[in-house]
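What follows is each chain in one-letter form.
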Amino acid sequence: MISADLPVAAIRRCSRDAAFMSEVAAFYESLDKSVASHSPVCTNRGACCKFESYGHDLFVTSVELAYFLGQAESLGKAGQELLAPADRSFCPYQQGGSCVTRIQRPVGCRIYFCEDRSQHWQGELTESALGELAKIGEKFKLQYAYLEWTTALRKLADRVIDEPIADPTSAPVTLSIDSLRKRS
Ligand code: SF4
């Protein structure tokens, strides 16, 4: 079920909760092992992260967003930034054919492989992963949300810094985590 409302306060609370971050990290570690057991191979060099030209969207849950924000904040001093893309045509973390945010990338990015031989296991693993995320959300009282990735990044940046987002036709806005902290 797609839900456009973003529980920003709960996302921020969980992003700073060590127990939450540890639980999601363990979930991702287990998920990555499940994916690796199928020995998938990526050959498209980030083409699937250019959503408009590739013809698909990436959807994320509030749990994935909270973990993403928590990692971005913890990596802030190392230069990691929260990017708010101008529109939904591509992911701003795809740079030069590589994902520059692999540690905290969402579930869909971990499971999706375009090769034919990887199609048969992805649906079941995605359903299972979404179920696990829902359980984590319930445990940490993080309201369910499921929305398109770039929209989520814009909403998160907009609500977190409490300022209007840029004109959607303009270039992506880069927000440093330090500036987010200062305004909170
Ligand atoms: S987070 Fe990384 S893998 Fe996921 S869409 Fe963005 S660049 Fe691609």
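Preceding this section is the structure that the text describes.
What this report covers is the structure whose coordinates are included nearby. Bear in mind the structure is a predicted one, so any value in this text is a computation, not a measurement.

### Things to note about the overall build of the protein chain
The secondary structure content of the protein chain amounts to 8 helices and 6 strands. Mapped from its N terminus to its C terminus, the protein chain presents α and β elements in the order α-α-α-β-α-β-β-β-α-α-β-α-β-α. Counting only residues that meet the buried cut, the protein chain has 46% of its 184 residues in that class. Considering only intrachain contacts with a sequence separation of at least 6, the fraction spanning at least 24 residues in the protein chain is 82%. For the protein chain, the computed accessible surface area is about 9,600 Å², with 53% contributed by carbon and sulfur atoms.

### Notes on unusual backbone geometry
Backbone geometry at Arg 45 places phi at a positive 50 degrees, although glycine is not the residue there. Tracing the backbone shows Arg 45 in the loop between helix H2 (18-36) and helix H3 (51-54). Positive phi, normally seen in glycine, also occurs at Lys 141, with a value near 55 degrees. Locating Lys 141 in the fold gives a position in the loop between helix H6 (119-139) and strand S5 (146-148).

### Things to note about the packing of helix H1 (residues 8-15) against helix H4 (residues 62-74)
In the contact formed by H1 and H4, the axes pass within 8 Å of each other and the chain directions differ by 50 degrees. The orientation of H1 with respect to H4, classified from their angle, is oblique. The hand of the H1/H4 crossing is right-handed. Residue-level contacts link Ile 11, Arg 12, Cys 14 and Ser 15 of H1 to Ser 62, Leu 65, Ala 66, Leu 69, Gly 70 and Glu 73 of H4. Its residues assigned to classes, the contact of H1 with H4 comprises 5 nonpolar, 3 polar and 2 charged.

### As for the packing of H2 against H4
Contact geometry of H2 with H4 gives a least axis separation of 10 Å together with a crossing angle of 110 degrees. Between H2 and H4, the angle falls in the class roughly perpendicular. Residues Phe 20, Met 21, Val 24, Ala 25 and Tyr 28 of H2 form the contact with H4, whose own contacting residues are Val 63, Glu 64, Ala 66, Tyr 67, Gly 70 and Gln 71. Each residue belonging to the contact of H2 with H4 can be placed in one class, and the counts come to 8 nonpolar, 2 polar and 1 charged.

Quick notes on the rules
As a convention, each chain's residues are numbered from 1 in the sequence order in which they are written. Since the coordinates come from a predicted model, pLDDT governs what is reported: local features require at least 70, and pairs of side-chain atoms require 80 or more to be given and counted, while whole-chain, interface and lining totals use all residues. Side-chain measures here rest on the full set of heavy atoms in the structure, leaving out hydrogens and waters. By the criteria applied, helices consist of DSSP H or I runs no shorter than four residues and strands consist of E runs no shorter than two, each listed in order from the N terminus. We call a residue buried when its accessible area falls under 20% of the maximum for its residue type, exposed when it is over 50%, and partly exposed in between, using a 1.4 Å probe and counting protein chains only. In this analysis, two residues are considered to be in contact whenever any of their non-hydrogen atoms come within 4.5 Å of each other. The protein chains shown are the only cover counted for residues, whose accessible areas, like all others here, come from Shrake-Rupley with a 1.4 Å probe. Simply put, an axis is a line fit to the C-alpha atoms, just over the touching stretch for a helix, and the angle between two N-to-C directions goes from 0 to 180 degrees. For classification, angles of less than 35 degrees are called roughly parallel, those exceeding 145 degrees roughly antiparallel, those between 65 and 115 degrees roughly perpendicular, and all remaining angles oblique. The hand of a helix crossing depends on one turn: near helix anticlockwise from the far one by less than a right angle means left-handed, and clockwise means right-handed. Residues are grouped as follows: Ala, Val, Leu, Ile, Met, Phe, Trp, Tyr, Cys and Pro are nonpolar; Asp, Glu, Lys and Arg are charged; all remaining types, including Gly, are polar.

Take it as geometry only, folks, not as evidence of what the structure does.
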